[in-house]
Structure formats: structure tokens, C-alpha cells
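What follows is the residue order along each chain.
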Amino acid sequence: MLGNGKSAEERQREKERKKRGARKYGQAKYKHSHMGVVSCVLAGASIAALGGCILYSYLVRGAAPGIVGGIAVIAFALSVLGINAAVKGFRERERNYITCRIGLPVSGVVLILFLAIFIGGLM
């Protein structure tokens, strides 16, 4: 049992043994995929850039097409890079892929949103 009549060292050993038992096959928990984290950061940056473009365009009532277009192309590039990073993150061995699973669809949604706005502007 944990606690009564044991030294601090014995309690620490008991704690570690309990922790190890909670993990799958006694292995340490996996770290996040490095490229998955990069994918999430790129997805967040592309959301911020595209959202900033939409907000700026709304505030100036469409009077700044060059600035908005340039930043929107950067958002497009960031979302493509985010998708690429997420796919590379899935190739890393013995990692937690939750960041890849978040970054991939978010980048995809930003890419689809960009294309919808672009095609809507052509019509």
C-alpha cells in the first residue's frame, strides 16, 4: 500500500510502479509528432492570415485588393505546407499523431475556403 510506515524512497518507487502499470505494456507515453506540431502551427497561421484578409477587406469595403490578394496567396501556401507537414508527420515512428490529425483537416478546410472565395470572386 501507498503511504503508512514507508520511507520517501519506497513511496516514490511505489508511485513509479503504479504509473508504469497504467501505461500500455509498461512503455513510456509517446511524444507528439514533430511535423504534426508544425502542421498545427501552419494551419493556425493560415487561418489567421485568411481571417485577417477577410476582416481587412470588410473594414475597407473592398478598396485594397492587392494587399488582401497577396496575403490570401500566402494563406494558401501556408495551408498547402500544413497538409504536407501533416502527411510527413504520419510517417514518424512511435509518435502521438493527434497533432497530425488536427492539422490536416484544418489546413484542408482553409484551402477549400480559400478556393471558394477565389472562385466566388471570379463569378
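Within each chain, residue numbers correspond to sequence positions counted from 1 in written order. Given that the model is predicted, a residue must reach a pLDDT of at least 70 before its local features are reported, and side-chain atom pairs must reach 80 or more before they are shown or counted; all residues, however, enter totals for whole chains, interfaces and linings. Computation of side-chain values: all heavy atoms of the structure, hydrogens and water removed.

Novice: What should I look at first to understand the side chain of S107 in this one?
Specialist: A run of H or I in DSSP counts as a helix once it spans at least four residues, and a run of E counts as a strand once it spans at least two, with each numbered from the N terminus. Here S107 shows up in helix α4 (residues 98–122). Not counting the four nearest positions on each side in its chain, S107 is found in contact with S39, A43, S79, G82 and I83. Here, residues are in contact when the closest pair of their heavy atoms is within 4.5 Å.

Novice: Would you take a moment to explain a nonpolar patch on the surface for this structure?
Specialist: A surface patch of nonpolar side chains, about 730 Å² in accessible area, is lined by F76, V80, L115, F118, I119, L122 and M123. Elements with a contribution of two residues or more to the nonpolar patch: α3 (65–90) and α4. Top element by residues in the nonpolar patch is α4. It accounts for 4 residues. Mapped onto the secondary structure, L115 falls in helix α4. Residues qualify for a patch when their relative accessible area is over 30% and they have no salt bridge, like charges being joined within 9 Å and the nonpolar side chains of Val, Leu, Ile, Met, Phe, Trp and Tyr within 5 Å. The protein chains shown are the only cover counted for residues, whose accessible areas, like all others here, come from Shrake-Rupley with a 1.4 Å probe. Salt bridges are identified by distance alone: a Lys or Arg side-chain nitrogen within 4 Å of an Asp or Glu carboxyl oxygen.

Novice: I tried to follow the packing of helix α2 (residues 34–59) against α4 on my own but got confused; where do I start?
Specialist: The relative placement of two packed helices is expressed as an angle between their axes plus a distance between the axes. Orientation of α2 relative to α4, taken along the N-to-C sense of each, is 25°, at an axis distance of 8 Å. Of the possible angle classes, the one that applies to α2 and α4 is roughly parallel. By crossing handedness, the relation of α2 to α4 is classed as left-handed. When α2 is examined against α4, the residues G36, V37, S39, C40, A43, S46, I47, L50 and I54 are found in contact with a partner set consisting of T99, C100, I102, G103, L104, V106, S107, V110, L113, F114 and I117. Basically, the charged four are Asp, Glu, Lys and Arg, the nonpolar ten are Ala, Val, Leu, Ile, Met, Phe, Trp, Tyr, Cys and Pro, and anything else, Gly included, counts as polar. When its residues are assigned to classes, the contact of α2 with α4 shows 14 nonpolar, 6 polar and no charged. Axis geometry follows a simple rule: fit a line to the C-alpha atoms, using only the stretch in contact for helices, then measure angles between N-to-C directions, giving values from 0 to 180 degrees. We call two directions roughly parallel when the angle between them is under 35 degrees, roughly antiparallel when it is over 145, roughly perpendicular when it lies between 65 and 115, and oblique otherwise. Here a crossing is called left-handed whenever its near helix is offset anticlockwise from the far helix by less than a right angle, and right-handed whenever the offset is clockwise.

Novice: Would you explain the nonpolar core in this entry?
Specialist: Where a protein is soluble and globular, its nonpolar side chains tend to be buried together. Residues grouped as a nonpolar core are buried Ala, Val, Leu, Ile, Met, Phe, Trp, Tyr and Cys residues, joined through side-chain atoms within 4.5 Å. Throughout, exposure labels follow a simple rule: accessible area from a 1.4 Å probe, protein chains only, divided by the maximum for the residue type, with under 20% read as buried, over 50% as exposed, and the rest as partly exposed. Counting residues in each nonpolar core, the largest one holds 8 residues, listed as A49, L50, C53, V68, A72, A75, V110 and F114. In contact with A49, not counting residues within four places along its chain, are I71 and A75.

Novice: Teacher, can you tell me more about the state of the cysteines here?
Specialist: Note on disulfides: each one is a pair of cysteine sulfur atoms within 2.5 Å. Per the stated rule, a full pass over the model turns up 0 disulfides. A disulfide-free cysteine, C40 has its sulfur positioned 7.7 Å from the sulfur of C100, the nearest such atom.

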